[in-house]
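As a plain string of letters, each chain reads:
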Amino acid sequence: MKAWQITQLGEPATALSWTELDDPTPGPGQLLVRVRAAAANFPDVLMCRGEYQVRPELPFTPGVELCGEVIAAGSSTGEFRIGDRIIGVTAMPHGAFAELAVVNATEAFLAPAVLEDAQAAAFHIAYQTGWFGLHHRAALQRGETLLVHAAAGGVGSAAVQLGKAAGAQVIAVVGGADKAEIARSQGADIVVDRTTEDFVAVVRAATDGQGADVIYDPVGGDTYARSTKCVAFDGRIVVVGFAGGKVQAPALNHALVKNYSILGLHWGLYREQRHRAVVEAHDALTELANKGLIAPVIDSLIALADLPAGLTRLGGGTTVGRVIVQP
């Protein structure tokens, strides 16, 4: 099969090598999947750089998320059958940026029938992350105000949709006029272009000075620091990631004085520690998709051969929604 492998650490253009590999063999509890579509995620960029918390031994095939067709199975794979269309997280070193990939059966879920392959490939991680961040961690309530940073990206746009589905007032922060249009199309009540507006002032004005009840932050750094200036009494800041490249040290005395919570979210731990909750979240998210309330925003569809350029765009923060690779 044809595949990309990370053979050295660096930016995607230099880290990735196009190669021909033997077809992988699924072990016990594993599924061999023909990749129908693979979603590019920021962790894929970090893996190229050697900066992600998971560091497989070189060389390996990256690509953490896919939609694919089961073509073979090891023992003890439960309900899955040959021909099933599934979504899920891949089992390294056999990632999704290849013609074939391996998925642990416990990490596989039937793809929502309402979503085409490209949208299904981008459905699992972003929406699971949003569900656990907004509901399990922050307990977002109907009528509350939700502030979403990087709201035109894959993770942010999912949070905007989930916030609206939960009945919240959603304020979306984006970087540029084109991204503002995407956030509006996803249902955001107020859109802030951070290149021309101060989101702190907008949030205060929109909430009569009370601030946002929940802040969903995949950016970190100065974005996190400024978010503490517009979080409400009893508010919750959900720390999702650090796409801005800087990890801000929280001022705990400020959290005490203003009475807000700082909530870390590592969704991968739910897969290990609360797997049943992940299954329940998939069922709830599938129901929302079937009702037409949530669906991934697609930036572009690219050929497998064009992966390095796609990951470079993703790493540079210029994408809107998800970059989808189709072998």
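About the thresholds
Residues numbered from 1 in each chain as written. Predicted model: local features only at pLDDT ≥ 70, side-chain atom pairs only at ≥ 80, totals over all residues. Heavy atoms only, no water. Pairing = 2+ DSSP bridges. Helix = DSSP H or I, 4+ residues; strand = E, 2+ residues; numbered from the N terminus. Axes fitted to C-alpha atoms, helices over the stretch in contact; angles between N-to-C directions. Contact = heavy atoms within 4.5 Å. Phe/Tyr/Trp six-rings, centres within 6.5 Å; stacked < 30°, edge-to-face > 60°. Buried < 20%, exposed > 50% of the residue type's maximum accessible area, 1.4 Å probe, protein only.

**Student:** Just to check I follow, could you spell out the sheet that holds strand S11 (residues 212-217) for this structure?
**Tutor:** The strands making up a sheet associate through hydrogen bonds between their backbones, and the pairing can be parallel or antiparallel. Taken in spatial order, the six strands line up as S10-S9-S8-S11-S12-S13 in an open sheet, and their pairing is parallel. Looking along the sheet, the strands with just one partner apiece sit at the ends: strand S10 (190-193) and strand S13 (261-264). Pairs of neighbouring strands in the sheet enclose a mean axial angle of 15°, with direction left out of account. In terms of strand pairing, strand S8 (residues 145-148) meets S11 through three bridges, oriented parallel. If you follow Leu147 over to S11, its bridge partner there is Ile215. Helix H5 (residues 154-165) contacts S8, strand S9 (169-174) and S11 of the sheet and is inclined by roughly 170° relative to S8.

**Student:** Could you clarify how one ought to interpret the packing of aromatic side chains in this entry?
**Tutor:** To describe a pair of aromatic rings, one takes the distance between the centres and the angle between the planes. Summed over all chains, the structure comprises three aromatic pairs. Measuring from centroid to centroid gives 5.1 Å for Phe123 and Tyr127, while their planes differ by 25°, and the two rings are stacked. Here Phe123 matches Tyr127 in class, with each residue buried. Ring geometry for Phe132 against Tyr270: centres 4.2 Å apart, planes inclined by 35°, an arrangement best described as tilted. Of this pair, Phe132 sits in helix H4 (residues 124-137) while Tyr270 sits in helix H10 (residues 267-273), and the two are 138 residues apart along the sequence.

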